[in-house]
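Here are the chains, one letter per residue:
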Amino acid sequence: MNFSSESFSKKIAFDSEHLWHPYAALKNTPARFLAKSAHGTTIETADGLKLIDAVSSWWCMAHGHNAPEIVEAIQKQSEKMCHVMFGGFTHEPAIELGERLVEFLPEGLNKIFFADSGSIAVECAAKMAVQYQHSLGRPERCKLVALKGGYHGDTAGAMALSDPDGMHVLFRGIMPQHYFAERPNCRFDCPWDDSDFTSMERVVEEHENEIAAVICEPVFQGGNGMWLYNAGYLKRLRKLCDEKGILLILDEIASGFFRTGPRFAMMHTADANADYIKPDIMCIGKALTGGSITMAACVASDKVAETITNSKIPAFMHGPTYMANPLACAAGIASLDLFKSRNYAENVKRIESRLRANLEPLRSLENAADVRVLGAIGVLELKAKPSADDILKVIKDTGVWLRPFCNYVYTMPPLITTDAEIDRICEAIKRIGECEPAPVVEGEDEFHE
Ligand code: PMP
């Protein structure tokens, strides 16, 4: 596709008049890039820019853009059947993806509900927890406990479980009310401090009989603060939930599929004496299809699934139109084969040490508040953020696509990113860190993950 400069500006003008973009005003938004194609780590724009996708297109592009194995799988499946309803039908792509997931997921988590997006997987997890308690004759247990600083999606149920003072405050009126514990403050790389768990203990103690489940993003709180907390918290949480008959939901939508190092972030809880802790329900999404097509899943343990199945209302009451879409399943199968055949655990170790070497020195920048690195996640937290124009200039000058939000300049690159590309990404992060802080503009595109 070739764009003359006239058709290029016409298309951009149409976009700005008619198409909403995420977390942005319809009109007068900062300049947008017109993406033309994307392969591997790089997105090419219609006007010829080549940008390293340092945020994996919102964290999903684990194998890089347009992995040929995934493209081929979608093409082949599209010749046979693009979609069929999952109510009353099943199909081979769903079954084969299910088989691979059962092998890939932590042992005992093997009852899979396919959902269309991460937010929907979270909605399903919350509903499943409530239905589980109902099945046990405890219908009054219909609240969840979530963490301040968390992010679980943008639908009403998922917003209600995300940071109560964060990006969703405007919509409080349509959200169900849950309980919140303080954000875990003990850093990932510091010794565990047991006092960090006091707030959670207090909330559970106070509302024990109303609580169906606790939900959290294990170790890595992404969309609401790019925070990395101590895995000791999760061990304490598992124990507390077991003692109180409360389910534990781990949202691994962002942290799963090697992003923090191991296959799933919960695996950071393993130590010399004990296996890692497992949730009763987990959510996966984003990298599941290698970023090619939307699909997520809510996965329950045998205990949860059997309790619901053996109750008076054995059906789980949820059913999206595009549930287990065959094209998405085919993409998921190809993606899981790549996760299995490639040594991402090693790759992520390499990326982690390269990020660390490049980002740690940025602590000395005048505007730096903190640096955090874990797996293929690198964050430079600033004291104040630069202007959108300055950020855009760095992106264009360096050829690195970054999307800072609030005061966080971060990278979560594709897991195939080379050392040389990591160096370029970190150089771009540094340059943003060196920009002058901009005055805060009321109502500006401030919150977005
Ligand atoms: N949970 C977490 C931890 C996420 O990071 C996100 C998205 N960034 C979601 C849920 C929501 O996923 P989706 O955007 O696919 O609805």
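Predicted, not measured: the structure shown is a model, and the values here were computed from it.

Caption draft 1: Broad picture of the overall build of the protein. Counting its secondary structure elements, the protein contains 13 helices and 16 strands. Taken over the C-alpha trace, the protein has a radius of gyration of 22 Å; the compact-globule value for 449 residues is 22 Å, and the two agree within 12%. Expressed as a percentage of its 449 residues, the buried residues of the protein come to 53%. Put simply, the protein shows about 19,700 Å² of open surface, and 54% of that area lies on carbon and sulfur atoms. Treating the 46 positive side-chain charges of the protein as one cloud and the 61 negative ones as another, the clouds have centres 1 Å apart.

Caption draft 2: Representation of unusual backbone geometry. Phi at M226 is positive, roughly 50°, even though this residue is not glycine. Within the secondary structure, M226 is located in the loop between β8 (220–221) and β9 (227–228).

Caption draft 3: Region of interest: a nonpolar patch on the surface. Together, L170, F171 and I174 line one region of the surface with nonpolar side chains, adding up to about 340 Å² of accessible area. Here L170 is to be found in the loop between α6 (156–159) and β6 (179–181). Since its relative accessible area comes to 72%, L170 is described here as exposed.

Caption draft 4: Here's a closer look at the nonpolar core. Counting 127 residues, the largest nonpolar core has M200 and F339 as the members making the most contacts within it. The element best represented in this core is helix α5 (residues 118–135), accounting for nine residues. Setting aside residues up to four positions removed in sequence, F339 forms contacts with A62, H63, F104, F257, F258, A287, Y344 and L415. Judged by nonpolar contacts, the second largest core, of seven residues, contains A67, I70, A73 and L338.

Caption draft 5: Main features of the confidence of the model for the protein. Confidence along the protein averages 95 in pLDDT terms, with 96% of residues attaining 70 or more. No element of the protein has a lower mean pLDDT than helix α1 (residues 5–18), at 86, and none a higher one than strand β10 (residues 247–251), at 99.

Caption draft 6: Structural context of the sheet that holds strand β16 (residues 408–411). Across the sheet, three strands lie side by side as β13-β14-β16; this open sheet has antiparallel pairing. At either margin of the open sheet sits one strand with a lone partner, and together these are β13 (368–374) and β16. The sheet shows a mean angle of 10° between the axes of neighbouring strands, direction not considered. Its contacts with the sheet place helix α11 (residues 344–359) against β13, β14 (377–382) and β16, and it is angled at close to 165° to β13. On the sheet, helix α13 (residues 419–434) packs against β14 and β16 and is oriented at approximately 175° with respect to β16.

Caption draft 7: The packing of aromatic side chains, seen in detail. Tallied over the entire structure, the rule returns 19 aromatic pairs. Residues W59 and Y410 carry aromatic rings whose centres are separated by 6.1 Å and whose planes lie at 90° to one another, so their mutual orientation is edge-to-face. One end of the pair, W59, is in helix α2 (residues 56–59); the other, Y410, is in strand β16, with 351 residues separating them in the sequence. Comparing W59 with Y410, the two get one shared label, buried. Here W192 and Y233 contribute two aromatic rings whose centre-to-centre distance is 6.3 Å and whose plane-to-plane angle is 85°, an arrangement assigned as edge-to-face. Here Y233 lies in helix α8 (residues 232–244) and W192 lies in the loop between β6 and α7 (198–207), a separation of 41 residues in the sequence.

Caption draft 8: Looking closely at the pairing of strand β7 (residues 211–216). Among the six residues that make up β7, six are buried, leaving the element largely enclosed by the rest of the structure. Strand direction decides the pairing type here: strand β5 (residues 143–147) and β7, joined by three bridges, are parallel. Bridge pairing in β7 places L144 opposite A213. Here β7 runs beside β10; their pairing, made up of four bridges, is parallel. Across the sheet, residue I215 finds its bridge partner in β10, namely I249.

Caption draft 9: Layout of the state of the cysteines. In this structure the tally under the stated criterion is zero disulfides. Residue C298 stays outside any disulfide, its sulfur separated by 5.2 Å from that of C283, the closest cysteine. Using a relative accessible area of 0% as the deciding quantity, one classes C298 as buried.

Caption draft 10: Broad picture of the packing of α11 against α13. At a minimum axis separation of 10 Å, α11 and α13 run at an interaxial angle of 35°. Two packed elements cross with a definite hand, and for α11 against α13 that hand is right-handed. Every residue of α13 that contacts α11 at R350, I351, R354, L355, N358 and L359 is listed here: D419, I422, D423, C426 and I429. In terms of residue class, the contact of α11 with α13 is made up of six nonpolar, one polar and four charged.

Caption draft 11: Representation of the pattern of salt bridges in the model. Scanning the entire structure with this criterion turns up 34 salt bridges. Taking the shortest distance from any N to any O, the salt bridge between R354 and D419 comes out at 3.6 Å. Pair noted here: R354 is in helix α11 and D419 is in helix α13, with a separation of 65 residues, a long-range link. Under the relative-accessibility criterion, R354 is labelled partly exposed at 29%. On the basis of relative accessibility, which here comes to 25%, the residue D419 falls in the partly exposed class. In this structure, the salt-bridge partner of R431 is E427, at a minimum N-O distance of 3.2 Å. Highlighted residues: R431 and E427, both in helix α13, separated by four residues, approximately one helical turn. For R431, a relative accessible area of 33% corresponds to the partly exposed category.

Conventions adopted
- Residues numbered from 1 in each chain as written.
- Predicted model: local features only at pLDDT ≥ 70, side-chain atom pairs only at ≥ 80, totals over all residues.
- Heavy atoms only, no water.
- Helix = DSSP H or I, 4+ residues; strand = E, 2+ residues; numbered from the N terminus.
- Rg over C-alpha atoms; globule rule 2.2 N^0.38 Å.
- Buried < 20%, exposed > 50% of the residue type's maximum accessible area, 1.4 Å probe, protein only.
- Areas by Shrake-Rupley, 256 points an atom, 1.4 Å probe, with all protein chains shown as cover.
- Lys, Arg positive; Asp, Glu negative; His and termini not counted.
- Charge placed at Lys NZ, Arg CZ, Asp CG, Glu CD.
- Patch = residues over 30% accessible without salt bridge, like charges linked within 9 Å, V, L, I, M, F, W, Y side chains within 5 Å.
- Salt bridge = Lys/Arg side-chain N within 4 Å of Asp/Glu carboxyl O.
- Core = buried A, V, L, I, M, F, W, Y, C linked by side-chain atoms within 4.5 Å.
- Contact = heavy atoms within 4.5 Å.
- pLDDT = per-residue confidence, 0-100.
- Pairing = 2+ DSSP bridges.
- Axes fitted to C-alpha atoms, helices over the stretch in contact; angles between N-to-C directions.
- Phe/Tyr/Trp six-rings, centres within 6.5 Å; stacked < 30°, edge-to-face > 60°.
- Disulfide = S-S within 2.5 Å.
- Left-handed = near helix turned anticlockwise from the far one by under 90°.
- Nonpolar A, V, L, I, M, F, W, Y, C, P; charged D, E, K, R; others polar.

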